[in-house]
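Residue-level structural notes
The chain contents come next:
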Amino acid sequence: MNVILIFLAAIAAIIIWWLSGQRLTSKPWLETGSVLLPDHTGADRQQLPPVKIGLFVFLGVVGALFSLAVSAYFMRMASTDWWAMPVPRLLWVNTAALALSTAALQWARREAAYGSTESLRPALATGLALAVFFLVGQIQAWRELTAAGYVLADNPANSFFYMLTGLHGLHILGGLAVLAHTTVRAFASDIQPDRLRLSIDLSAIYSHFMLAVWLLLFSLFAGWANDFVDLCRTLLT
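Let me sum up the structure you'll find in this document. All of these numbers come straight from a predicted model, not from anything done at the bench.

On to the overall build of the protein, then. Per the secondary structure count, the protein includes seven helices and two strands. Ordering the α and β elements of the protein from the N terminus gives α-β-β-α-α-α-α-α-α. Put simply, the protein has 237 residues, and 46% of those count as buried. Accessible surface computed for the protein: about 12400 Å², of which carbon and sulfur atoms make up 68%.

Quick look at the pattern of salt bridges now. In total, this model carries three salt bridges according to the counting rule given. One connected set of salt bridges, linked through shared partners, spans K52, R109 and D201.

What follows covers the nonpolar core. In this structure, L124, W214, L217 and F221 are the most contacted members of the largest nonpolar core, which totals 54 residues. Put simply, the parts of the chain that give this core at least two residues each are α2 (50-76), α3 (90-114), α4 (117-147), α5 (156-186) and α6 (193-222). Beyond its immediate chain neighbours, meaning those up to four positions away, L124 contacts L105, A108, L179, T182, T183, A186 and I200.

Turning our attention to the environment of M163. In this structure, M163 sits in helix α5. Spatially, the C-alpha atoms of M163 and L152 are 8.9 Å apart, while their sequence positions differ by 11 residues.

Here we take up the side chain of S219. By the secondary structure assignment, S219 is in helix α6. Here the side chain of S219 touches L216 through a polar contact of 2.5 Å, landing on its backbone oxygen.

Relative orientation of the contacting elements α4 and α5 amounts to 155 degrees, with a least axis distance of 10 Å. One element, α4, and the other, α5, form an angle in the roughly antiparallel class. Every pair of crossing elements has a handedness; the one defined by α4 and α5 is left-handed. Of the residues assigned to the contact of α4 with α5, the class counts are 17 nonpolar, nine polar and one charged.

Taking 1.5 Å of rise per residue, the 25 residues of α3 would be expected to cover 36 Å, and the 36 Å separating its terminal C-alpha atoms lies within 8% of that figure. Positive backbone phi, approximately 75 degrees, marks G115, located one or two places after α3.

Its place among the elements puts G166 in helix α5. Here the alpha-carbon distance between G166 and Q138, two residues 28 residues apart in the chain, equals 8.7 Å.

What counts, and where the lines are drawn
Residues numbered from 1 in each chain as written. Predicted model: local features only at pLDDT ≥ 70, side-chain atom pairs only at ≥ 80, totals over all residues. Heavy atoms only, no water. Helix = DSSP H or I, 4+ residues; strand = E, 2+ residues; numbered from the N terminus. Buried < 20%, exposed > 50% of the residue type's maximum accessible area, 1.4 Å probe, protein only. Areas by Shrake-Rupley, 256 points an atom, 1.4 Å probe, with all protein chains shown as cover. Salt bridge = Lys/Arg side-chain N within 4 Å of Asp/Glu carboxyl O. Core = buried A, V, L, I, M, F, W, Y, C linked by side-chain atoms within 4.5 Å. Contact = heavy atoms within 4.5 Å. Polar contact = N/O pair within 3.5 Å; in protein donor to acceptor, adjacent residues only side chain to side chain. Axes fitted to C-alpha atoms, helices over the stretch in contact; angles between N-to-C directions. Parallel < 35°, antiparallel > 145°, perpendicular 65-115°, else oblique. Left-handed = near helix turned anticlockwise from the far one by under 90°. Nonpolar A, V, L, I, M, F, W, Y, C, P; charged D, E, K, R; others polar. Expected span 1.5 Å × (residues − 1).

So far we have only geometry, and geometry alone does not tell us how the molecule works.
Right, dumping it as structure tokens:
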């Protein structure tokens, strides 16, 4: 149990570090919809937009949800009826697609800050297409596993795999709805990048977070997290 707590503490530390970096490197004076508050000098200063604060709170809840699921994963895998399932090679392709999608959204975030509509549109379209590719690839990986006999109710490892990847996929799908709406708006002839900056910023932050969650899940399925737990257990004994 101590090893699990150490592992979850490491995850929490990474999430807190990432969120603090997002706060310190953000430029709220460039955002629309921010709340103006007077500072000690009497001048107006801008805080983070309320919707961005709401996103950080939501990501904290999602992070806690996945942390609990990972904790249950570690506790359940100690049972005698646990048989590890193979990792489809397609998951490597899906991981690369999600990473490239996140990179494309970061590119779009930069172009929106510079006000470059010409580069903004292909960046958003690329990020959206790669995210859709990731979801389609995850479904295909499910089909490959079920065809090979690794069905949901066969053993707990299979159940956790489908549950965790399905939960992650649902969150990706929710982010895709916002990203698709933003991309459609970006291709409108009369839209200005300034009007899309906040939406793109939120989509990029969300994508970075979901990529981090997926890398954690992928490390579980590949067995790398198990090696980390074994290392912690060795250090504690």
